[in-house]
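Fold and contact review
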Amino acid sequence: MQHRETGPSSEIGPRRQRRLAMKYRRRRTVVAILAVLVIAVPVTVVSLVHGLKSNITSSPLRAGGGEVPEKITDELNVLILGSDTRELDADDYGSGDGARSDAMILAHISDDSSRIDAIQIPRDTMMDMPACPDTGSGASEPRRAMINSALNQGPACSVSAAEELTGVRVDHFIEVNFDGFATIVDALDGIVVDLDEPLYDDKANLDLPAGEQTLGGTDALALARTRHAVGDGSDISRMDNQQMVMDSIIDRAKSSHTLSRPDRLYNFLDAVTSSLRVDDDLDSVSALASLASTVSSVPKDSISFNIMPWQPAPGNQNRVVKSPAADAVFSAITADEPIGDLVD
C-alpha cells in the first residue's frame, strides 16, 4: 500500500513511521475475508437443516438519533464485527471489561455483483464518536475515542460509528463473538497451523511450540488474539497470525474431512449459526442465504481485501486516524466505483 496521507505528528520519528507502515500493509487475498465464508455458509443450511434458523439472534441495525448517509446506488455494504466481549460462558480468553470490536471490516458488494471490496478499519482508529441512544446496552454521549469502543453500546452503535467515519451507508451487520469463534473451530475437529517459532503470551493464555500442530478452539482463538507474542505488541502486528487461522478454518471447512461427514457438517453449521448476531433484516436463513447467493456469484479474482489508508494520530504514536486517501476510498465505495489504484 502506498501511503499518500498527510505527514505524521512531529513527535513520531522516521523509524516509527516505517514500523507503522509495515503494520498496516495491504493484503489482497480472498481467504483473508473469513466473514464472507460466514455469510456464505447458510446457503447449505437452507437445503440441509432449515431448523437451525432458531440459532440466529438479531438486534437493530441502527440506534436512531443520527444522520444516515445517503444511498445513491443499489450496492450492498455489510459491516462485519469480530466481538471481544468478555461476557461469555468461558473464562479462557484473558482479562478485559465490556465489549469491543476486535475486528471491523466494511465489505462492499457492487450493484452488479461483479466485485467485493473489503476495507478493514483498524481497531485503534481515533475518531469523533457520535452519540448513540440505548438499544439495550446503554447510551453514549459524543466523545473522542477509538472506534472499537462503540460496541460497548451494541452493534447499532458500531454501525453509527462506521457510518460517521466513512460516510458509507451500512445495509447490514454480522457479528461473531469469541465463544462462537472457538466453537466453530472445535466443530471442525480443530485446525492445522505451522508456526515458525514458539509463541507465548500469558495475557492471551497462549503457549504453543514451533512446528505443525492441530489446535482446538481455545488455542486457535488465543493465536488469533495474541499481540504480545508477535511483532511490536500492537493490535495490527497480529494480523499474520489471524490470516493463518482464517486460512486454516476455510481449508478445513471446505475439505472432505467436513463435507463428506453429515455429522461434522451439521455441527459446523450449528456452530456458525449459533455464533452470529445479525441485524433484524438478516434474521432468517432465507435472508442470509440470499446474501450468500449474491456473495458467491462474485468471481474470486474480483474480491479484494485492504486496510483503510491511515496516518498516525496527532500526539499519540500508538493510535491512528484515517487519512485523506481514506476519504477518496470511501467516496468511491459510496459511488459504487472500483477503488483500484486508490489503495495501491
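Computed from a prediction, not measured in an experiment: that's the story for all the values here. (Residues numbered from 1 in each chain as written. Predicted model: local features only at pLDDT ≥ 70, side-chain atom pairs only at ≥ 80, totals over all residues. Heavy atoms only, no water.)

Moving on: the overall build of the chain. Each helix and strand in the chain was counted, giving eleven helices and 15 strands. When the 344 residues of the chain are sorted by exposure, 55% land in the buried category. Nonlocal contacts in the chain, meaning residues at least 24 apart in sequence, comprise 69% of its contacts between residues at least 6 apart. Of the accessible surface of the chain, which amounts to about 14,600 Å², a share of 46% is contributed by carbon and sulfur atoms. (Helix = DSSP H or I, 4+ residues; strand = E, 2+ residues; numbered from the N terminus. Buried < 20%, exposed > 50% of the residue type's maximum accessible area, 1.4 Å probe, protein only. Contact = heavy atoms within 4.5 Å. Areas by Shrake-Rupley, 256 points an atom, 1.4 Å probe, with all protein chains shown as cover.)

Another point: the pattern of salt bridges. The tally for this structure, following the rule as stated, stands at ten salt bridges. Of the charged contacts, one joins R115 and D117 as a salt bridge, the two residues approaching to 3.4 Å between their closest N and O atoms. Look at R115 and you get buried, because its relative accessible area is 12%. Where D336 meets R115, a salt bridge forms, and the shortest distance between an N and an O atom there is 3.4 Å. (Salt bridge = Lys/Arg side-chain N within 4 Å of Asp/Glu carboxyl O.)

Now for the state of the cysteines. Note: disulfide means a covalent bond formed between the sulfur atoms of two cysteine side chains. Considering all chains together, one arrives at one disulfide under this definition. Bridging C132 to C157, the disulfide has an S-S length of 1.8 Å. As the torsion about the S-S bond is roughly -90°, the C132-C157 disulfide counts as left-handed. Residue C132 is found in the loop between β5 (126-129) and β6 (143-146), and its partner C157 is found in helix α4 (residues 155-166); the two are separated by 25 residues along the sequence. Both residues of the pair, C132 and C157, count as buried. (Disulfide = S-S within 2.5 Å.)

This paragraph deals with the side chain of N55. With respect to the helices and strands, the residue N55 is situated in the loop between α3 (42-48) and β1 (57-59). Side chain to side chain, N55 and D270 meet in a polar contact 2.6 Å long. Among the polar contacts listed, one links the side chain of N55 to the side chain of S274, at a separation of 3.3 Å. (Polar contact = N/O pair within 3.5 Å; in protein donor to acceptor, adjacent residues only side chain to side chain.)

Position of V329 relative to the elements: it lies in helix α11 (residues 324-334). Setting aside chain neighbours within four positions, we find V329 in contact with I119, P309, I339, L342 and V343.

Another aspect to go through is helix α9 (residues 262-274). With 13 residues, α9 extends 18 Å from end C-alpha to end C-alpha; this agrees with the ideal 18 Å at 1.5 Å per step. Of the positions making up α9, those classed as buried are R264, L265, F268, L269, A271, V272 and T273. (Expected span 1.5 Å × (residues − 1).)

The next subject is the environment of D194. Following the sequence through the fold, D194 ends up in strand β8 (residues 191-195). Placed 50 residues apart in sequence, D194 and M244 show a C-alpha to C-alpha distance of 8.7 Å. When residues no more than four places from it in sequence are discounted, the contact partners of D194 are G211, E212 and M244. In this structure the side chain of D194 is engaged in a polar contact, spanning 3.3 Å, whose partner is the backbone nitrogen of E212.

Inspection of the sheet shows strand β14 (residues 310-313) paired to strand β15 (residues 316-322) by four bridges, in the antiparallel sense. Note that in β15 the partner of W310 across the bridge is K322. Taking the residues that link successive antiparallel strands as the turn, the β14-β15 hairpin has two residues, and the phi of G315 there is positive, at about 80°. (Pairing = 2+ DSSP bridges.)

The subject of this paragraph is the side chain of S248. Mapping S248 onto the fold places it in helix α7 (residues 239-254). A polar atom in the side chain of S248 sits 2.8 Å from the backbone oxygen of V192. At 3.0 Å, the side chain of S248 forms a polar contact with the backbone oxygen of M244. Non-local contacts of S248, meaning those with residues more than four positions away in its chain, are made with I191, V192 and V193.

The next thing to look at is a negative patch on the surface. There is a patch of like negative charges on the surface, built from D194, D196, E197 and E212. By relative accessible area, which is 47% here, E197 ends up partly exposed. (Patch = residues over 30% accessible without salt bridge, like charges linked within 9 Å, V, L, I, M, F, W, Y side chains within 5 Å. Lys, Arg positive; Asp, Glu negative; His and termini not counted. Charge placed at Lys NZ, Arg CZ, Asp CG, Glu CD.)

Quick look at the confidence of the model for the chain now. This prediction gives the chain a mean pLDDT of 78; 75% of its residues lie at or above 70. Residue range residues 22-37 is modelled with pLDDT below 50. Its contacts to residues more than four positions away, or to other chains, number 53 contacts. A low-confidence stretch, residues 86-97 stays under pLDDT 50, and its non-local contacts, those more than four residues away or across chains, total 28 contacts. (pLDDT = per-residue confidence, 0-100.)

What follows is about the environment of I184. Counting through the fold element by element, I184 comes out in helix α5 (residues 178-187). Along the backbone, I184 and T273 are 89 residues apart, and their C-alpha atoms lie at a distance of 9.6 Å. Each residue touching I184, except ones within four places of it in the same chain, is listed here: F268, A271, V272 and S275.

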